[in-house]
Amino acid sequence: MPNFSNPLAPTWLDASVDVNALVPGVWADSVARDGSGEITVGGVTVTELAHRFSTPLYVVDEDHAKARARRVREAFDAALSKVGSTAKVYYAGKAFLCTEVVRWVVDAGMYVDVASGGELAVALAAGIDPARIGFHGNNKSIAEIERAVAVGVGTIVVDSDWEIERVADAARSAGRRQRVRLRVNSGVHANTHDFLATAHEDQKFGITIADAPAIVAEIRLHPELDFVGVHCHIGSQIFGTAGFAESASRLVALHAALSEVAPVPELNLGGGFGIAYKPGDAPTDIETIADEIASAVASQCAAHNIPVPVMAFEPGRAVIGTSTFTLYSVGTTKEVTLDVEGASATRLYVSVDGGMSDNARPALYGADYHVRLANRISPEPAQLVRVAGKHCESGDIVVNADYLPADVEPGDLLAVAATGAYCWSLSSNYNYLARPAVVAVSGSEARVIVRGETEADLLARDAGINGGNK
Ligand SMILES: Cc1ncc(COP(=O)(O)O)c(C=O)c1O
């Protein structure tokens, strides 16, 4: 019998969801089961993908990613045009960046936000117009700033007063005038369902609203710098709009005060728009978010008697998150039976061939994921499982709790949904595991967009091999 009242299951886990079903919204658009019950993406079966590219494997539904990029960009364009302004939508590259993805998002009309010299190098290697790049970071090195200015990035987001002189010096040497934003800490911090509004934020990013006018005045004293507006980012995986509305209200008040001194053309409210990671997650759709932010900004601007500025946004996860699943092979299983308040309850540990090295989020933030048996369906009852990785770390969990058919066994393939954002980009070589490949699938064709690492890659930087590196 299905273990529907397993006391080890978290309360949010809905045991009535069909254990073979692919719940829409969590999976990419083209993910389906074929006649034999196997999961396919873009018309390609998971066994073919595993056979050709091995597991673990990040599998991207290319059409889904492109469509999401377009939809997110169009949502903000439409919302801002309703209030008489325009939008610039930056894809937050930290979510997942490679040259192919840069081209997809730029083709969809987006800009790209990078947060390090390495991310900048990827964006430039993709061949995009540097003017479409925004450069972030609370501790950019002088070399990073010089390179960003020299190549002509569109905006640099100044994160502290230290950076004013550094960016100005670089601009002077390059003979350029550099557009800059100032990252402000709005005091609103949001995470999924809740937001906190405080006077001062105890965090490393940005400067307080109270300090902003003096810093902007300092920026304006530099003829090499062109101040385009303030920026804030209130958090990640946010489902509602209240936190955005609150920070918009605070930022528009600051924007209005700065506009009294000289025109301020833009206002950037960052990213953080949530996605569904598992059945039952219900993030607000991007059109509603865009409309509500635009109308909150417009009403605040009306109250301050200023025009609605050009609005910039920086979605990462909302663009790429649901485009991708990670495919793993099952190696071992183990049932544990525990006594929970006098009743016995079982959980099946299912160990796969990856883990915290390809998805650090469960270990890092306690993030929850959703898993499905991928190479077949099964009529067996649902069994509470915990999908564990292969690392020497008991916190090496990929899916903390979900149901799988009770006959899941070694050799099966598992697909873990919504791993497009902050999985590959946070991946590591812990235990000297090779980082998996990323494969994009479209029109029944699968191709590698980032190759997986090999043992030779793992050994390449070890100076003790072959007499050491010269
Ligand atoms: C400044 C900034 N912008 C945008 C983002 C993207 O956030 P998300 O992927 O949640 O949309 C982040 C994420 O940390 C960020 O720090």
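Check the entry above for the structure.
Residues numbered from 1 in each chain as written. Predicted model: local features only at pLDDT ≥ 70, side-chain atom pairs only at ≥ 80, totals over all residues. Heavy atoms only, no water.

K.L.:
Describe the overall build of the chain, with residues and values.
P.N.:
The helix and strand inventory of the chain stands at 12 helices and 24 strands. For 470 residues, the compact-globule formula gives about 23 Å, and the C-alpha radius of gyration of the chain, at 24 Å, lands near that figure. Counting across all 470 residues of the chain, residues that qualify as buried make up 54%. In the chain, of all internal contacts separated by at least 6 residues, the share reaching a separation of at least 24 is 71%. Within the structure as shown, the chain displays about 19,000 Å² of accessible surface, and the carbon and sulfur contribution to it stands at 52%. Averaging the locations of the 38 positively and 57 negatively charged side chains of the chain gives two centres separated by 5 Å. (Helix = DSSP H or I, 4+ residues; strand = E, 2+ residues; numbered from the N terminus. Rg over C-alpha atoms; globule rule 2.2 N^0.38 Å. Buried < 20%, exposed > 50% of the residue type's maximum accessible area, 1.4 Å probe, protein only. Contact = heavy atoms within 4.5 Å. Areas by Shrake-Rupley, 256 points an atom, 1.4 Å probe, with all protein chains shown as cover. Lys, Arg positive; Asp, Glu negative; His and termini not counted. Charge placed at Lys NZ, Arg CZ, Asp CG, Glu CD.)

K.L.:
Explain unusual backbone geometry residue by residue, including any values.
P.N.:
Here the residue pair Thr 55 and Pro 56 is connected by a cis peptide bond, since its omega of -5° sits within 30 degrees of zero. Topologically, Pro 56 is positioned in the loop between α1 (46–53) and β4 (57–61). A positive phi angle, near 75°, is found at Ser 54, a position not held by glycine. In the Ramachandran plot, Glu 341 falls in the positive-phi region, its phi being about 50° despite a non-glycine side chain. Here Glu 341 shows up in the loop between β17 (324–340) and β18 (343–352). Look at Glu 341 and you get exposed, because its relative accessible area is 83%.

K.L.:
Give me the lowdown on the site of the ligand, citing residues and values where you can.
P.N.:
The environment of the ligand is made up of 16 residues, and the closest members are Gly 272, Glu 314, Gly 316, Arg 317 and Tyr 422. Its free accessible area being 400 Å², the ligand has 91% of it covered by the protein chains. Here the shell around the ligand is composed, by residue class, of four nonpolar, seven polar and five charged. (Near = heavy atom within 4 Å. Nonpolar A, V, L, I, M, F, W, Y, C, P; charged D, E, K, R; others polar.)

K.L.:
Outline the nonpolar core, supporting the account with residue identities and numerical values.
P.N.:
In terms of nonpolar packing, the biggest core is built from 135 residues, with Leu 49, Tyr 91, Leu 182, Leu 269, Leu 327 and Leu 414 touching the most fellow members. No other element matches helix α9 (residues 286–304), which puts eight residues into this core. Setting aside chain neighbours within four positions, we find Tyr 91 in contact with Phe 96, Leu 97, Val 101, Val 105, Met 110, Tyr 111, Val 112, Asp 113, Pro 315, Gly 316, Val 319 and Ile 320. Of all hydrophobic cores here, the second largest spans 10 residues; its members include Leu 8, Ala 9, Leu 13 and Ala 401. (Core = buried A, V, L, I, M, F, W, Y, C linked by side-chain atoms within 4.5 Å.)

K.L.:
Outline the packing of helix α8 (residues 242–259) against α9, listing residues and values.
P.N.:
Following both chains from N to C, one finds α8 and α9 inclined at 35°, their axes separated by 9 Å at the closest point. The chirality of how α8 crosses α9 is right-handed. Counted together, Phe 244, Ala 245, Ala 248, Ser 249, Val 252, Ala 253 and Ala 256 of α8 and Ile 293, Ala 296, Val 297, Gln 300, Cys 301 and His 304 of α9 form the full contact between these two elements. Partitioning the contact of α8 with α9 into residue classes produces 10 nonpolar, three polar and no charged. (Axes fitted to C-alpha atoms, helices over the stretch in contact; angles between N-to-C directions. Left-handed = near helix turned anticlockwise from the far one by under 90°.)

K.L.:
Any chance you could break down the sheet that holds strand β3 (residues 44–45) for me, citing the residues and the numbers?
P.N.:
Strand-to-strand pairing in sheets goes through backbone hydrogen bonds, with the strands running parallel or antiparallel. Pairing is antiparallel in the open sheet, where three strands are placed in the order β1-β2-β3. Each edge of the open sheet carries a strand with a single partner, namely β1 (32–33) and β3. Pairing of β1 with strand β2 (residues 39–41), which is carried by two bridges, proceeds in the antiparallel orientation. Residue pairing for β2: Arg 33 is matched across the bridge by Ile 39. (Pairing = 2+ DSSP bridges.)

K.L.:
Please give an account of the pattern of salt bridges that cites residues and values.
P.N.:
This structure, assessed with the given rule, holds 20 salt bridges. Asp 77 serves as the salt-bridge partner of Arg 73, at 2.6 Å between the closest nitrogen and oxygen. On the criterion of helical spacing, the pair formed by Arg 73 and Asp 77 is a turn pair, its members being four residues apart in helix α2 (residues 62–82). Judged by its relative accessible area of 16%, Arg 73 falls in the buried class. A single network of salt bridges, built from pairs that share partners, joins Glu 62, Lys 66, Glu 100, Arg 103 and Arg 447. (Salt bridge = Lys/Arg side-chain N within 4 Å of Asp/Glu carboxyl O.)

K.L.:
So, the environment of Val 408: which residues are in play, and what are the values?
P.N.:
Position of Val 408 among the secondary structure elements: in the loop between β21 (397–405) and β22 (413–416). Linking Val 408 and Val 385, residues 23 residues apart in sequence, is a C-alpha distance of 9.7 Å. Look past the residues within four positions of Val 408 in its chain and what remains in contact with it is Val 330, Thr 333, Leu 348, Val 350, Leu 373, Arg 376 and Leu 414.

K.L.:
Break down the pairing of strand β5 (residues 87–92) for me, with residues and values.
P.N.:
When you tally the buried positions in β5, you get six out of six residues, the bulk of the element. Burial along β5 is two-sided: Ala 87, Val 89 and Tyr 91 facing one way and Lys 88, Tyr 90 and Ala 92 facing the other are all buried. Two elements, β5 and strand β16 (residues 310–313), share three bridges in a ladder whose sense is parallel. Its bridge partner lying in β16, Lys 88 is registered against Ala 312. Handedness of the crossover is the feature at issue here: the chain leaves β5, passes through helix α3 (residues 99–107), returns alongside strand β6 (residues 111–114), and the resulting connection is right-handed. (Right-handed = clockwise from strand over helix to strand, strands pointing away.)

K.L.:
Quick rundown of the packing of aromatic side chains? Include the residues and the values.
P.N.:
Within the structure shown, the criterion is met by seven aromatic pairs. With centroids separated by 5.5 Å and ring planes inclined at 45°, the aromatic side chains of Phe 76 and Phe 273 adopt a geometry described as tilted. Of this pair, Phe 76 sits in helix α2 while Phe 273 sits in the loop between β15 (266–268) and α9, and the two are 197 residues apart along the sequence. Judged by relative accessible area, which is 0%, Phe 76 ranks as buried. (Phe/Tyr/Trp six-rings, centres within 6.5 Å; stacked < 30°, edge-to-face > 60°.)

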